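Structural features, examined
For reference, the chains in residue letters:
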Amino acid sequence: MADLLWIELYKTFRKPRSYIGIVAIALIGAVIHLAIGLEGEQYLNLLLEQIQQSLQIHGKIINGNLAGWVILQSLILHLPLLVALVAGDLISGEASAGTLRLLASKPVRRAQIVLAKFFAAAAYTIVLVGWLGVVAVGGGQLAMGQGDLIVLGSDQIFLLPAADVGWRFLLAMVLAGVGLTTVAALALMLSTFANNSLGPIMATMSVVILFTIIGTMEFPLFQQISPWLFTTHMSIWRELFHDPVDAWQIVQSVLFLSLHIIIFVVVTVIAFSRRDILT
Amino acid sequence: MIVMNWIRCLSVIVFVVLCQAVVVGQTPRQLVQRSYERFARVKDYRADVVITTDIPSIASKPVRAQILYQQPARVAIKSAALLILPKVPLHFWLEALADSNSFVAIPVGQETIDNKRVHQVSVIPVRDTGELLLAKLWIDPEGLILKSQWTTRTQGVVDVSNTFGYAATFGLPDRMEFTVDVQRFKLPKAVTLDLRSRPGPTTSATGKGTIVLEFSNYVINRGIAPHDWQQ
């Protein structure tokens, strides 16, 4: 199993497409840092207009922590595309390249192949999220320094002391990793049913976009459906930037996402085990 | 003879009333002026302050800061943390009360605040071009403004409650509580990308928020070096 995993990791990180995400995150991060540094204050004032009619916020609002948080919340919603780009290719890519038959005829169980591919996709997701953390928070603090973090929710503003945000960012990365691993598992599952990469990547993104739109639009019908969509639970990392943190909500969402991962992987194992590799 | 006695009697009554007015009574304008003059003795001060906010849409922890003040209206608040403060300047009332000819003071009555008998005075600016539209002041016999309500042109109604301690001689409070009108904070989910937003703590369009400033370690009239003003 370990050998299989190493082979899958080697294959994953050898593909040029795996580095598209790394480069994209660095570029987008740099652009957002620049924009926040130059015009972040005006943008924030616009969002805080209602509050600033009778109150003033005194101090250094624009800082590395805010820049890090803005990049996280902007990019984490778009990271599924980068994850799907790699995970959606893991089985369908083998099929289109004609190596699937060779792979499946090895003296290992197909379930082990699927698990190795899943863990390789999860490792790639962790690398991507870790890199996002380095670019967003590390880059932000390097460029703009430390400071208290102002978090804008839909109904509430949270002011978090600078000394109190480090652990929140670290845990947020872990939770974002769990959320994106769910997307990786979905892409891998869809990849089992296709013979080229484009289909599973597009299908994964379509599901993520559809679910996100349902979660974002505040229609009563959508609000009833929203808690049952995994994309809603993918944004649980934001709960860490509330005060007090609702730990039970986090546990519930992690369990919900983990259940999805298990279901997607089990379906993948069953589908891949039954897959006809001769035609 | 009877008329003469009546005149004598009336003179005595008028004399007594006038003496009483001079000794204990003050006109509303004098009361206001006395409050201002008490603070006007402060050329500068610095003080430590703990700022606690209780605003429906904002969750924040108490923050420590240092306040510097220099006449006539230079104020700096030094803190590494983000602070929520009322939009009105800390000593905004000084400008309104500095010129005793710029307002009319009307006695409203007397009330009891913290077991103290206080005079309630309404202050109406003579000109209607300034920020202040109307002020209600609750002033104790020593000239300390224990409570005030300021109706302003752009920032709505601001209520201020003061508690005085060891710096009362200079009219500097130990505790100031600002109560301000705060609009409900609401942003679309599509902007905040907050798919799991909790329902806000308030559903009304506006609410009241309080900001409490607790002062300590006043250093008064000792001068403030120019470099101290830099953050």
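For the structure given in this document, a descriptive report is provided here.

**Some words on the overall build of chain A**
The helix and strand tally for chain A stands at 12 helices and three strands. Radius of gyration (C-alpha) of chain A: 21 Å, near the 19 Å computed for a compact globule of 279 residues. Each of the three principal axes of chain A carries a C-alpha extent, and together these read 70 × 40 × 30 Å. Looking at the 279 residues of chain A, the share that counts as buried comes to 53%. In chain A, the proportion of contacts linking residues at least 24 apart, taken out of those at least 6 apart, comes to 81%. Working note: accessible area of chain A is about 12,300 Å², and carbon and sulfur atoms make up 72% of it. Here chain A contributes 14 positive and 15 negative side-chain charges, whose respective centroids are spaced 21 Å apart.

**Let's talk about the pairing of strand β3 (residues 63-70) of chain B**
All names here are of chain B. As paired strands, strand β1 (residues 44-54) and β3 are joined by eight bridges and run antiparallel to one another. When the bridges of β3 are listed, V50 appears paired with R64. The hairpin turn running from β3 into strand β4 (residues 74-78), its antiparallel successor, is three residues long.

**Side note on unusual backbone geometry**
That bond from D243 of chain A to P244 of chain A is cis: its omega, 5°, falls within 30 degrees of zero. Looking at the secondary structure, you find P244 of chain A in the loop between α11 (230-234) and α12 (247-274). In the segment running from Q71 of chain B into P72 of chain B, the intervening peptide bond is cis, with an omega of 0°. Structurally, the position occupied by P72 of chain B is in the loop between β3 and β4. Even without being a glycine, D114 of chain B presents a positive backbone phi close to 50°. Summarising the element assignment, D114 of chain B is placed in the loop between β6 (103-113) and β7 (116-125). At N221 of chain B, a position not held by glycine, the phi torsion is positive, near 55°.

**Topic: the sheet that holds strand β2 (residues 149-152) of chain A**
Hydrogen bonds between backbone atoms are what pair the strands of a sheet, whose relative direction is either parallel or antiparallel. Reading across the sheet, the three strands line up as β2(A)-β3(A)-β2(B) and stay open at both edges, with mixed pairing between neighbours. The open sheet terminates on both sides in strands that have one partner only, identified here as β2 of chain A together with β2 (58-59) of chain B. Pairing of strand β3 (residues 157-160) of chain A with β2 of chain B, which is carried by two bridges, proceeds in the parallel orientation. Each residue of the ladder has a partner; that of F158 of chain A, found in β2 of chain B, is A59 of chain B.

**A look at the interface of chain B and chain A**
Tallying the contact residues gives 39 residues for chain B and 49 residues for chain A. When chain B packs against chain A, close to 4,200 Å² is buried across both sides, 52% of that on carbon and sulfur atoms. At the junction of chain B with chain A, the criterion picks out two salt bridges. We note a salt bridge from K61 of chain B to D164 of chain A, for which the minimum N-O separation is 3.7 Å. Our count for the contact surface shared by chain B and chain A stands at 11 residue pairs in polar contact (both at pLDDT 80 or more). Elements supplying a minimum of two residues to the side of chain B that touches chain A: β2, β5 (83-86), β11 (173-183) and α4 (189-192) of chain B. Its residues assigned to classes, the side of chain B that touches chain A shows 23 nonpolar, seven polar and nine charged. Summarising the sheet, strand β1 (residues 55-58) of chain A and β5 of chain B pair through four bridges and their orientation is antiparallel. By the bridge assignment, H58 of chain A is partnered in β5 of chain B with L83 of chain B.

**Here we look at the packing of helix α4 (residues 79-87) of chain A against helix α9 (residues 198-216) of chain A**
All names here are of chain A. Interaxial distance between α4 and α9 falls to 9 Å at its minimum, and their mutual angle equals 155°. Judged by the angle between their axes, α4 and α9 are roughly antiparallel. The handedness of the crossing between α4 and α9 is right-handed. The residues of α9 that touch α4, namely those facing P80, L81, A84 and L85, are I201, T204, M205 and V208. Of the residues assigned to the contact of α4 with α9, the class counts are seven nonpolar, one polar and no charged.

What counts and what doesn't
Residues numbered from 1 in each chain as written. Chains lettered and ligands numbered in written order. Predicted model: local features only at pLDDT ≥ 70, side-chain atom pairs only at ≥ 80, totals over all residues. Heavy atoms only, no water. Helix = DSSP H or I, 4+ residues; strand = E, 2+ residues; numbered from the N terminus. Rg over C-alpha atoms; globule rule 2.2 N^0.38 Å. Buried < 20%, exposed > 50% of the residue type's maximum accessible area, 1.4 Å probe, protein only. Contact = heavy atoms within 4.5 Å. Areas by Shrake-Rupley, 256 points an atom, 1.4 Å probe, with all protein chains shown as cover. Lys, Arg positive; Asp, Glu negative; His and termini not counted. Charge placed at Lys NZ, Arg CZ, Asp CG, Glu CD. Pairing = 2+ DSSP bridges. Buried area = accessible area lost by both parts, 1.4 Å probe. Salt bridge = Lys/Arg side-chain N within 4 Å of Asp/Glu carboxyl O. Polar contact = N/O pair within 3.5 Å; in protein donor to acceptor, adjacent residues only side chain to side chain. Nonpolar A, V, L, I, M, F, W, Y, C, P; charged D, E, K, R; others polar. Axes fitted to C-alpha atoms, helices over the stretch in contact; angles between N-to-C directions. Parallel < 35°, antiparallel > 145°, perpendicular 65-115°, else oblique. Left-handed = near helix turned anticlockwise from the far one by under 90°.

Geometric values such as these leave the question of function open.
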